[in-house]
Structure formats: structure tokens, C-alpha cells
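# Structure assessment
One letter stands for each residue in the lines below.
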Amino acid sequence: DFEVAVPLLTMQDPTWLSTIANQVAPRDEGLRAVLGLRAGPLRTPVEVRLATPRRTAPDEVQIPMTWSGALAPWLFPRLDGLLGISKVAPQLSQLWLEGSYRPPLGRPGLLIDQALLYRVADSTIRRFLELVASSLVELAQRGA
């Protein structure tokens, strides 16, 4: 429910989303093989920074956010975007993320991104949204 989800999403400690983001690992075994990684997740510690949430319509809330590598931000893409929640129907909401990123390392980084790493970014964002949605449902069920 939109009216339940909005306070749960907007009133959490800002580190909540960073904690969730750091649990994300893309589920792309084929990509792992192409990159020569035999085991372990494709991940780096990340930091998620949030700006003040804003209600852009009676049935939509947007939170400006930045997602970047916590240890070596120059080596990983930085995502600038909006995390949003929109009312779809009574007791049904849609969680979404709209944004853009620029691959690191200039032209070589752009070529590698176009060939392979955009799949990592896509998989990571999808998994992040799944985990945020699951967390919101869990918080709502606990009555948090």
C-alpha cells in the first residue's frame, strides 16, 4: 500500500539503503566466466547517499540518490538518479529507479561498459530494487 510504503521508505536511517546495496551481487554466471572470475560475487562496497524526499504528485514520491564505490570511486561507475515509489492501484505500489551513470576510466571504460559491464549494472539495479521491495514488505508486516 502506497500510504504504508512511503513512510517506511522515506523515514529509514540513510544507511539502510547502503546496507541493502552492499548485499547486492549480480546473478550473471555467464558474465562472471567472460570476465575470468571463477568464484565470488561481482561486487564492491558502495555508498548510497540520499537527498530530501519529495512528493511530486499525490501518488508519487521521489528520493534523489547517488550510488558510488565506497573504496575507489574513481574505479567504479557513479549512479545519479531518483528512487521512487508510485501508487498503481489501491494497496499496490511500484518501486522504481531512474538514473544514469558514466563508466570510469574514460573511453576504455566506456568500451568495456558497452561490451560487458552494462549487464552488471542492470542486474545490480534490478537486484537492489528486489531487496528494497522485500525489505519494505517485511517492515510493513512487522508494523515498523
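On to the pairing of strand 5 (residues 92–102), then. Sheet topology note: the strand 4 (residues 78–89)/strand 5 ladder contains eleven bridges and is antiparallel. Paired with Leu 83 across the two strands is Leu 97, which belongs to strand 5. Following strand 4, the chain reverses through two residues before pairing antiparallel with strand 5; Gln 91 in that reversal takes a positive phi of roughly 60°.

Evaluated as defined, the whole model comprises one aromatic pair. Each ring, one from Trp 67 and one from Phe 128, has its centre 4.9 Å from the other, and the planes form 75°; the classification is edge-to-face. Of the two residues, Trp 67 sits in strand 3 (residues 60–69) while Phe 128 sits in helix 4 (residues 106–142), which places them 61 residues apart along the sequence. Assigned by exposure class, Trp 67 and Phe 128 land together as buried.

Formed by 27 residues in total, the largest nonpolar core has its most connected members in Leu 9, Phe 128 and Val 132. Going through the elements one at a time, helix 1 (2–10), helix 2 (15–21), strand 1 (46–50), strand 3, strand 4, strand 5 and helix 4 are the ones with two or more residues in this core.

Reading guide: rules and limits
Each chain has its residues counted from 1, running along the sequence as written. Since the coordinates come from a predicted model, pLDDT governs what is reported: local features require at least 70, and pairs of side-chain atoms require 80 or more to be given and counted, while whole-chain, interface and lining totals use all residues. Neither water nor hydrogens contribute to the side-chain values; these are computed over all heavy atoms in the structure. Two strands are said to pair when DSSP picks up at least two bridges between them. Under the scheme used here, helices are H or I runs from DSSP no shorter than 4 residues and strands are E runs no shorter than 2 residues, and both carry numbers assigned from the N terminus. A pair of Phe, Tyr and Trp rings is counted when the ring centres sit within 6.5 Å of each other, with Trp represented by its six-membered ring. The angle between the planes then sorts it: under 30 degrees is stacked, over 60 is edge-to-face, the rest tilted. Burial classes follow relative accessibility: with a 1.4 Å probe on protein chains only, a residue under 20% of its type's maximum area counts as buried, one over 50% as exposed, and anything between as partly exposed. In this text, buried Ala, Val, Leu, Ile, Met, Phe, Trp, Tyr and Cys residues form a nonpolar core when linked through side-chain atoms within 4.5 Å.

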